[in-house]
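Remarks on the overall topology
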Amino acid sequence: MTKKPTAARQEADLRKLLDVVRQALTIPFDTFDYDRRIFDRATHARTALTAVATETDVDLPWEINYLQRQLAAEEQTAAEREAAHCRRCHTPFDPSDPRFDGHARYKDTTWCQACIDNCHEGSAEHVCLICEPSRYGGEQQ
Ligand SMILES: [Zn+2]
Ligand SMILES: [Zn+2]
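Residues numbered from 1 in each chain as written. Chains lettered and ligands numbered in written order. Predicted model: local features only at pLDDT ≥ 70, side-chain atom pairs only at ≥ 80, totals over all residues. Heavy atoms only, no water.

As a further point, take the coordination of the zinc ion (ligand 2). Looking at the metal site, the zinc ion (ligand 2) is ligated by Cys119 (SG), His126 (NE2), Cys128 (SG) and Cys131 (SG), spaced 2.1 to 2.5 Å from it. Taken together, the four donor atoms surrounding the zinc ion (ligand 2) define angles of 101 to 116° at the centre, an arrangement classified as tetrahedral. Mapping the donors of the zinc ion (ligand 2) onto the primary sequence yields the spacing C-x6-H-x1-C-x2-C. (Donors = N, O, S within 2.8 Å, 3.2 Å for Na, K, Ca; no water. Tetrahedral: all angles 85-135°; square planar, octahedral: opposite > 155°, others 65-115°.)

In structure tokens, the structure reads:
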């Protein structure tokens, strides 16, 4: 027979669960694939909330742990999805696209052929994420 958690313990666990749900639903608006990600994360959060709302003697620490693992998995999948897209135009890489200005990945960069071509062919005033990352809040400041 398992010991029933104290009221104080349960309250602390509930707060923790709510905090994990809050984090699940908080991702920056400029996140790549925002709509898809918020949908996936809301689905996981709802599963946990449904268990808490409907099951008697719900195991809160288990639910918290489960939700955290689901969110970590979602994070991982989203990173893989993002890596399969050009960072400038967000078009999925298409390795079978033979065009020099197509959607295949350019060498082992995070850009597609089209964006590299557009950048290299740009006029004197041309500026983009590829040639001037710092202007776009890029990492190479
Ligand atoms: Zn591109
Ligand atoms: Zn450029």
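Moving on to the pattern of salt bridges. The final tally for this structure, using the stated rule, is nine salt bridges. For the salt bridge of aspartate 97 with arginine 99, the shortest nitrogen-to-oxygen distance reads 2.7 Å. (Salt bridge = Lys/Arg side-chain N within 4 Å of Asp/Glu carboxyl O.)

Turning our eyes to something else, we now look at the nonpolar core. Residues Leu17, Val20, Val21, Ala24, Ala45, Ala48, Ala51, Val58, Leu60, Ile64, Leu67 and Leu71 constitute the largest nonpolar core, which totals twelve residues. Only α1 (7–24), α2 (34–54) and α3 (60–83) provide two or more residues apiece to this core. Once residues within four sequence positions are removed from consideration, valine 58 is found in contact with Ala51, Val52 and Glu63. Listed in part, the ten residues of the second largest apolar core include Cys86, Ile116, Leu129 and Ile130. (Core = buried A, V, L, I, M, F, W, Y, C linked by side-chain atoms within 4.5 Å. Buried < 20%, exposed > 50% of the residue type's maximum accessible area, 1.4 Å probe, protein only. Helix = DSSP H or I, 4+ residues; strand = E, 2+ residues; numbered from the N terminus. Contact = heavy atoms within 4.5 Å.)

Within the protein, Cys86 (SG), Cys89 (SG), Cys112 (SG) and Cys115 (SG) serve as the donor atoms for the zinc ion (ligand 1), at 2.3 Å. Viewed at the metal, the four donor atoms of the zinc ion (ligand 1) are separated by angles of 106 to 115°, and the geometry they form is tetrahedral. Judged by its relative accessible area of 1%, cysteine 86 falls in the buried class. Since its relative accessible area comes to 6%, cysteine 115 is described here as buried.

As for its position among the elements, glutamine 68 is in helix α3. Sequence separation of glutamine 68 and alanine 24 is 44 residues, and the distance between their C-alpha atoms is 8.7 Å. The contact partners of glutamine 68, leaving out residues within four places of it in the chain, are Lys16 and Val20.

A positive phi is found at aspartate 57, a non-glycine position, where the angle reads about 55°. As for its placement among the helices and strands, aspartate 57 is situated in the loop between α2 and α3. On the accessibility criterion, aspartate 57 (66% relative accessible area) is exposed.

Below, the discussion takes up the domain arrangement of the protein. Split by domain assignment, the protein resolves into domain 1 (7–83) and domain 2 (86–141). Each of domain 1 and domain 2 was reduced to a C-alpha centroid, and the two centroids are 34 Å apart. (Domains from an automatic or database assignment.)

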